[in-house]
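# Topology and contacts: notes
Below, each chain spelled out in residue letters.
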Amino acid sequence: MRVCRATLTKDLRLEWRSRDVINAMLFFALLVVVIFSFSFDPTAEESRHIAGGLIWVAFLFAAVVALNQTWARELRNDVLDAYRISPAPANALFLAKAIGNFLFVSILELLMAPLFVVFYNLRVLGSASSLALLAALGTWALVVNGTFFAAISLRTRSREIMLPLLLFPISIPAIIAMVNGTTAILTGEDSARFWLVLLGAYDVVFTTGSMLLFETVLHAE
Amino acid sequence: MRRAFPILAVATLAFLGYAFYAAWFVAPTEQTMGNVQRIFYYHVPSAWTAFLLFFLNFVASVQYLLRPSEVGDKIGKAVALGIAALTCVGAFLIKPLPYELEPGAVATTGIMIAGIYFLVRGFFSERGTDILALVSAEVGVVFCTVVLVTGPLWARPVWGIWWTWDVRLTSTLVLWLIYVSYLMLRKLSTSGETPKLAAALAVFGALDMPLVYFSIWFFRTQHPQPVIGGGGSIDPRMLRVLLINWLAFLCFASLVCWLRFQLETMKRDVEETQALEALLEPGALR
Amino acid sequence: MNYLYAAYAAAWMIHGSYLGLMWKRYREVKRERDALSGGL
């Protein structure tokens, strides 16, 4: 636990000091929202039905950009070798990275969401707290697998493209759940309960899997 | 096996030919769909074969991860036996079984899962399990491609649409995507321990599949769409032809897997020898 | 009916391509192996 928190605070502090990367990603997120607004220009009634899909695709791309640099700093300074020989448990490192990514992507989402509301004239007809829970579970689903696959992709020929190639297929159930759950809540037409449960199950399964297998992946580099 | 190969190859070809003949001429013509329905005799066996191969990949990947450590190996064996025991006991104690499953089928499936686990463990060395994982993934993707191509070709004339969010077809698509990404990782990874990384990915893929199925299934209950392939009972004559085709494709898949296995073994031996020779070259160790 | 022919043809084209790919790779590996043994 201590290792986890130490790594996490270190990462957050480093991120905060050099804010160029964060700024670049925020701008990227804004650009994505604007371009989507040009591509899909629906009426207010339609927009509630398709906004769920659009928002999550945009979040997905922004998340991939963030995830790709998860291990970049560690690679540059050979930090991973230090972790391998240290007695710290590997999954503490993983958890720290995953939580850091989660916070980071959440901030991206919190900044992009109002933009979507503005551009698409959205109004939440269902329960807003369900939406928040859905977003949290969905973001964790993307981030936990993304951090794991980012580690797997470290030693591949095209590292940046390998991560989405691995992440997208496995994330399909989570994406289906996020999109349909968001649409259900925005339109107020359906209950999002099934999707929330599915996302919860997805998160449990893959957090456990990542924690168990990260040690193997770390030592396999 | 090597000596028997030519005979087995000819026998398999003959069997495939017979299966084809049965599919086109012996099986009765379907009432509503007509002759196009005969695609079914290729579509469904290919799907079952692909699933079997992907399951083989899962078993091989798990073993590759577990066998190096003694504890892991014991856990693997215990879990396999546990699955067999649980399914056998559960099949006959739980009455009635959900989804109208037959107790015999459930018990047999459980025993087969454990059987496959122990067979793989017995017949393949550690390096062998890795090659088996690669081979079954590749051949599985080939068969899965056949499923995804024949599916729409069947759907179009019968239901008028190329694609639909049919649970089975969509799940198969996701399965295909996951295994293609697996093969890409195998190909593009420059790590020395690619097999371990790939095995981890395979485990993730296997964990994902139930979630994939449920998410698409629920999506369909909310957005009802045409069902490709239909459910319900099947004419016993058609069932017979279906099983004949499945058996023929299983033989074919085994042959292809065996060929690919030999090829991969040869390739790795050559690479090892090349690496060794590079080391032993005069001046290389300086 | 055309779809029936197309489906069966497609299925065998896919299998054929894979077998062809394997054959090509086999020839490459065989060449490399012979190069090795020649050099020994």
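The text that follows walks through the structure, step by step, so that each part is easy to find. Here the residue numbering is sequential within each chain, running from 1 through the sequence in written order. Chains carry letters and ligands carry numbers; both start at the beginning, A for chains and 1 for ligands, and go up in the order they are written. Confidence filtering applies because this is a predicted model: local features only for residues at pLDDT of at least 70, side-chain atom pairs given and counted only at 80 or more, and all residues used for totals across whole chains, interfaces and linings.

Right, let's talk about the overall build of chain C for a bit. A tally of regular secondary structure across chain C gives one helix and zero strands. With the principal axes as the frame, chain C shows a C-alpha extent of 60 × 5 × 5 Å. By residue count, 10% of the 40 residues in chain C fall in the buried class. Secondary structure elements are defined from DSSP: runs of H or I of at least 4 residues count as helices, runs of E of at least 2 residues count as strands, and each element is numbered from the N terminus. Note on burial: count the other C-beta atoms lying within 10 Å of the residue's C-beta; 20 or more is buried, 12 or fewer is exposed, in between is partly exposed, and C-beta positions come from the backbone.

With that settled, the discussion passes to the overall build of chain B. A count of helices and strands for chain B gives eight helices and zero strands. When the helices and strands of chain B are listed from N to C terminus, the series reads α-α-α-α-α-α-α-α. Projecting the C-alpha coordinates of chain B onto the three principal axes gives extents of approximately 75 × 45 × 40 Å. Whether two residues are in contact is decided by their C-beta atoms, placed from the backbone, lying within 7 Å. Taking all contacts inside chain B whose residues are at least 6 apart in sequence as the whole, residues at least 24 apart take part in 79%.

Attention now goes to the interface of chain C and chain B. Listed as interface residues are 18 residues of chain C and, on the opposing side, 23 residues of chain B. By the convention adopted, Pro, Cys, Tyr, Trp, Phe, Met, Ile, Leu, Val and Ala count as nonpolar, Lys, Arg, Asp and Glu as charged, and the other residues, Gly among them, as polar. Taken together, the residues of the side of chain C that touches chain B break down into 14 nonpolar, one polar and three charged.

Before going further, it helps to examine the nonpolar core. Defined on buried residues, the nonpolar core groups Ala, Val, Leu, Ile, Met, Phe, Trp, Tyr and Cys residues joined through C-beta atoms within 7 Å. Ranked by size, the top nonpolar core spans 143 residues in total, and within it I152(A) and L201(B) carry the most contacts. Ranked by residue count, the leading element in this core is helix α5 (residues 126-159) of chain B, at 18 residues. Once residues lying within four places of it in the same chain are set aside, the contact partners of L201(B) are I152(A), L166(A), Y182(B) and L185(B).

Of the residues lining the interface, 29 residues belong to chain B; the matching set on chain A comes to 27 residues. Contributions of two or more residues to the side of chain B that touches chain A are made by α6 (167-188) and α7 (194-222) of chain B. In terms of residues, the side of chain B that touches chain A owes the most to one element, α7(B), which gives 17 residues. Residues belonging to the side of chain B that touches chain A are distributed by class as follows: 19 nonpolar, seven polar and three charged.

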